[in-house]
Structures are given as structure tokens and as C-alpha cells.
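The residues making up each chain are set out below.
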Amino acid sequence: MYCLLCHQPIQQLSTWQALFQKCTTFQACAKCMAKFERVEEQPYENVKTLFYYNDAMRDYIHRYKFGLDIALAHVFKEHIQQFLKPYKNATFVPIPLHPEKLKQRTFAQVDELLRVANVPFVHLLEKMTLDSQSGKTLIERKQTTALFRRNRTNLKKDTHVVLVDDIITTGTTIRLARETLEADGFTNISVVVFISARFRKRGDLQHG
Ligand SMILES: [Zn+2]
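Residues numbered from 1 in each chain as written. Predicted model: local features only at pLDDT ≥ 70, side-chain atom pairs only at ≥ 80, totals over all residues. Heavy atoms only, no water.

## Brief notes about the nonpolar core
Formally: Within this scheme, the nonpolar core is defined by two criteria: the residues are buried Ala, Val, Leu, Ile, Met, Phe, Trp, Tyr or Cys, and they are joined through side-chain atoms within 4.5 Å. Each residue is placed in one exposure class: buried if its accessible area under a 1.4 Å probe, protein chains only, is under 20% of its type's maximum, exposed if it is over 50%, and partly exposed if it falls in between. Only runs of H or I of at least four residues qualify as helices and only runs of E of at least two qualify as strands under DSSP, and these elements are numbered from the N terminus. By the convention used here, residues are in contact when the closest approach between their heavy atoms is within 4.5 Å.
By size, the foremost hydrophobic cluster in this structure holds 38 residues, and its most contacted members are Leu 5, Phe 36, Tyr 60, Val 75, Phe 76, Leu 84 and Phe 194. At the level of elements, α2 (30-33), β1 (48-52), α3 (55-66), α4 (77-84), α6 (109-116), β5 (160-168) and β6 (188-196) are the ones that each hand at least two residues to this core. Tallying contributions element by element places α3 first for this core, with five residues. Excluding anything up to four places from it in sequence, Val 75 contacts Leu 4, Leu 5, Gln 27, Ala 28, Met 33 and Tyr 60. Counting residues in hydrophobic clusters, the runner-up holds 20 residues, among them Val 47, Ile 95, Ile 174 and Phe 186.

Dropping the structure here:
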């Protein structure tokens, strides 16, 4: 078995190690995995994040998202399962890509991470505009209002909805998605994001 990131062979764990770590298959080697940093202090209000955006993560995103290497969805499978465990009775709602963007990217990155981790999800939101948040100034981002529209479903309004995104920078996308659901009457909304572009607490930012 080979590491998905560096392509070196992965040492198989002995049975007791596998039992102890409660996992039997690793998709990336320990050396590669050690380069990712787990979030210690949550940098965003009301958002739970898993990893910091560091050099290793930048390379990962580049290969996964823009290099279209779908196999890389497996790298964080176990982490994502653990991370989402506290929400086991909730309904997971990925932040969607616009259909045109989906064509370019060929697969929906957030959906694929969930699918690989065996986490069921529903598409409750639809992306209405192709506008990318990343090309905008902070003021322009804050002024953006309608980015999403609700999909038709028969979910009850008191369902615990967990919005899921891959990366958070300013938090505008998440805010707008949350507002769209709130406007529709949903009252119990949590947010989880796999990668945090912020490193520490509010006011101590390394990225926008
Ligand atoms: Zn490796």
C-alpha cells in the first residue's frame, strides 16, 4: 500500500497497533500526516474547524481541488468521521458549488469528502451565482446577500442542520448559507468546516 500524498510504501500496522488506534487502513503515511495541524483553539465564532491552512494543506488543496485528484478525498477519512461523530443525529448539508463550477471541477469536493467518510448528506442549498468570494474585497464580501437559494425538501424546520464546507476564510459564505436557512425557518443550525484559514482567535489573523 502506498501513501496517496508522497507515494512511498506505508508500513502496515501490527494487529495490536491497529486495534489500539481503532483503524486498520491508512491512506497517507505518518510522515505526511504529521505535516497537517489540528485546530486547537477555534478561530471562528459558532464554527467548528478541524485543520489549519498551512503549507501542507495548501499543497493538498491544490492537488485535490484544482488538480482534480479525487482519490485524495480518502486522506482525511478517519479524521472527518471522528470530527462529525458528535452530530450523529443531525442532517449534514454541504455548501454547494454552482453547476457551472461543478462542470469545471468535475466533482464536488465537500460531497466527496463526506461520501468517502460514509457520512450521509442532503443538498438543501443551491448556489445561484458564479461570483467567487475570493476575488472580492472584504467590503464587497460583506455586501453580498443572495448567494444561495433553498432547495425543495420536506425536512422539518426543527431538524438539526449541520452546514459543511471545506475551507473558511472570512466566513461570508457560511454566514450567507446560514441566513438562507434561517430565513426559511430553520432554527437549529450548526457549522463545521474542515480547514480554517485563520490560525488563532479573533483579532489575530494571518489570512483574511
Ligand atoms: Zn506520505
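Having seen the structure, we can now continue with the description.
## Some words on the environment of Leu 97
Of note, Leu 97 is situated in the loop between β2 (91-94) and α5 (99-105). Among the residues examined, Leu 97 registers a relative accessible area of 25% and is labelled partly exposed. Note: C-alpha distance between Leu 97 and Lys 127 (30 residues apart in sequence) is 6.1 Å. Apart from the residues within four sequence positions on either side, Leu 97 is in contact with Leu 102, Arg 105, Phe 107, Ala 108, Gln 109 and Lys 127.

## Things to note about the coordination of the zinc ion
We count it as follows: Only N, O and S atoms count as donors, using a 2.8 Å cut-off from the metal and 3.2 Å for Na, K and Ca, and because water is excluded some sites may appear unfinished. Irregular is the label for any site that misses the other tests, which are tetrahedral for four donors with all angles between 85 and 135 degrees, and square planar for four donors or octahedral for six when opposite donors exceed 155 degrees and the remaining angles lie between 65 and 115.
Around the zinc ion, the protein contributes the donor atoms Cys 3 (SG), Cys 6 (SG), Cys 29 (SG) and Cys 32 (SG), which lie 2.3 to 2.4 Å from the metal centre. Taken together, the four donor atoms coordinating the zinc ion and their angles of 104 to 118° define a geometry best described as tetrahedral. As a motif over one chain, the donors of the zinc ion read C-x2-C-x22-C-x2-C. Residue Cys 3 is found in the segment before α1 (15-20), and its partner Cys 32 is found in helix α2; the two are separated by 29 residues along the sequence. Taken as a pair, Cys 3 and Cys 32 share a single burial class, namely buried.

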